[in-house]
Amino acid sequence: MGAETGASDTPAPPEAVKKASKAGRNLPAAIGVALLLGAAIIVSLLTVRFLFIGIIAIAIAVGTFEFAGVLRRVADIKVAMIPVLVGGQAMIWLAWPFGREGALTAFVLTVLASLLWRLPGGAKGYLRDISASVFAAAYLPLFGAFAAMLVPPHDGVGRVLTFLIGVVASDTGGYIAGVLGGKHPMAPSISPKKTWEGFGGSLVGGVVAGALTLSLLLDGHVWQGVIFGVAIVLTATLGDLVESLIKRDLGVKDMGTLLPGHGGIMDRLDSLLPSAVVSWLLLSAFVPLG
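Residues numbered from 1 in each chain as written. Predicted model: local features only at pLDDT ≥ 70, side-chain atom pairs only at ≥ 80, totals over all residues. Heavy atoms only, no water.

Novice: Just to check I follow, could you spell out the side chain of serine 275 for this structure?
Specialist: Position of serine 275 relative to the elements: it lies in helix 10 (residues 272–286). Looking at serine 275, its side chain comes within polar contact range of the main-chain nitrogen of alanine 236, at 3.4 Å. Looking at serine 275, its side chain comes within polar contact range of the main-chain oxygen of serine 271, at 2.7 Å. (Helix = DSSP H or I, 4+ residues; strand = E, 2+ residues; numbered from the N terminus. Polar contact = N/O pair within 3.5 Å; in protein donor to acceptor, adjacent residues only side chain to side chain.)

Novice: Teacher, can you tell me more about the packing of helix 5 (residues 126–148) against helix 10 here?
Specialist: To characterise two packed helices, one gives the angle between the axes of the helices and the distance between these axes. Close contact between helix 5 and helix 10 brings their axes to 7 Å; oriented N to C, the two are set at 40°. Helix-helix and strand crossings are classified by hand; for helix 5 and helix 10 the assignment is left-handed. Seen from helix 5, the contacting residues are Tyr139, Leu140, Phe143, Gly144, Phe146 and Ala147; seen from helix 10, they are Leu273, Pro274, Ala276, Val277 and Trp280. (Axes fitted to C-alpha atoms, helices over the stretch in contact; angles between N-to-C directions. Left-handed = near helix turned anticlockwise from the far one by under 90°. Contact = heavy atoms within 4.5 Å.)

Novice: Quick question: what am I supposed to make of the pairing of strand 2 (residues 191–195) here?
Specialist: One face of the sheet, then the other: side chains in a regular strand alternate in exactly this way. Note that strand 1 (residues 185–187) and strand 2 share two bridges and pair antiparallel. Directly across from proline 185, in strand 2, lies its bridge partner threonine 195. Hairpin connection between strand 1 and strand 2: a loop of three residues separates the two successive antiparallel strands. (Pairing = 2+ DSSP bridges.)

Novice: Help me understand the nonpolar core in this model?
Specialist: If you look at soluble globular proteins, the nonpolar side chains tend to sit buried side by side. Membership of the largest hydrophobic core comes to 65 residues, with the highest contact counts inside it found for Phe52, Phe67, Val79 and Leu140. Breaking this core down by element, the ones donating at least two residues are helix 2 (27–46), helix 3 (51–75), helix 4 (81–118), helix 5, helix 6 (156–181), helix 8 (222–250), helix 9 (265–269) and helix 10. When neighbours within four sequence positions are excluded, valine 79 is seen to be in contact with Ala68, Leu71, Val84, Ala132, Ser133 and Ala136. (Core = buried A, V, L, I, M, F, W, Y, C linked by side-chain atoms within 4.5 Å. Buried < 20%, exposed > 50% of the residue type's maximum accessible area, 1.4 Å probe, protein only.)

Novice: How do you make sense of the packing of aromatic side chains when you look at a structure like this?
Specialist: The description of an aromatic ring pair uses the distance of the two centres, along with the angle that the planes make with each other. Under the defined criterion, the tally for this structure stands at eight aromatic pairs. The interplanar angle of 15° and the centroid separation of 5.2 Å between the aromatic rings of phenylalanine 135 and tyrosine 139 together place this pair among those described as stacked. Linking phenylalanine 135 with tyrosine 139, this pair stays in helix 5, spanning four residues, or about one helical turn. What makes phenylalanine 135 partly exposed here is its relative accessible area of 36%. Judged by relative accessible area, which is 7%, tyrosine 139 ranks as buried. Ring centres of phenylalanine 146 and tryptophan 280 lie 5.6 Å apart, and the angle between their planes is 70°; on these two criteria the pair is classed as edge-to-face. Of this pair, phenylalanine 146 sits in helix 5 while tryptophan 280 sits in helix 10, and the two are 134 residues apart along the sequence. The exposure class of tryptophan 280 is buried, given its relative accessible area of 14%. (Phe/Tyr/Trp six-rings, centres within 6.5 Å; stacked < 30°, edge-to-face > 60°.)

Novice: So what exactly am I meant to see when it comes to the environment of isoleucine 42 here?
Specialist: Its location among the elements puts isoleucine 42 in helix 2. A residue is classified by how much of its surface remains accessible, and isoleucine 42, at 39% relative accessible area, is partly exposed. Distance from isoleucine 42 to leucine 161, taken between C-alpha atoms, is 8.7 Å for residues 119 residues apart in sequence.

What follows is the structure in C-alpha cells.
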C-alpha cells in the first residue's frame, strides 16, 4: 500500500511471478477486486447510506476471523472468538445511535466477556490469549466503529467519501511513486519495499484529495483539507507498517487469500482502520455538526 515500491516483501513462487506485473502483484485481479469493492461502497452510500455500516460490520467480522485464525495457526494464540465477534458487532452497530459512548461501552463489555470466556482454559497462556483478544477487539471493531460514526450525520455521505478518497489517494499515490522511482527504503527492518519516494507520492495524493474533498463535499476550507490529507497519509502509512510488523512477527505473507491480488480483508483494512479514527476526530473538529 502507500509508500511502497510495489514488490512483495517475500519472494513469490515462479507461477505467481508469471502472473504478476512489474508492480509485484496480479494487477488485473487487484484492480478488478478494488473496482468491485468500490462499486459496492458507492452504491450503498448513494442509495441507503446506512448500508455502509453493514459493509463495515461484515468486513470487520471477516477480518477478525482472519486475524484470529492466523494467530491460532502459527502461534497457538487463542482469541476469545465469540466475545470478540459479538462484541465487535455491538461496537459498530451501537456507534450508529449512541456514538462514542455506545462503541466504548461495547468495547469494555467485550474485554470483560473475554476475561470470563478464557477462564476455563486455565492459567497457561491466559495473559497471552487475553492480550491478543483485547488487541483484536480494539484494532478491528473499535477502530471500525469510528468509520460507522461518519455515516449518521446529514452530510454523512460526504464524510465517508472524504475519508475513503483520502486513504485511496494516499495508497495509490504511494504505490505509483514507489513503483516508478522508489530507491530509498523507509523502514527496511519492517517493510523493505516501502520507500521515501513512495511516501512522497502518498503525501501528494493525500493532500490533493483532502483539499478537494473537504472543500467540495463538506464546505470546509482548503487549508483544513491539507491538514486532513497529511494526517490521513501519516495514519494510513502507520497502519500499513503496523500490519507489516505483525505479519513479520508471525512469519506470514498475507493475513488471508479472500481477495485476489490483495490477500485477505485484513490486508485491505490496515490503512483504513487507524485512518477512520483520525478522520472522525478531524472532521468533527473542522465540520462540526449542527
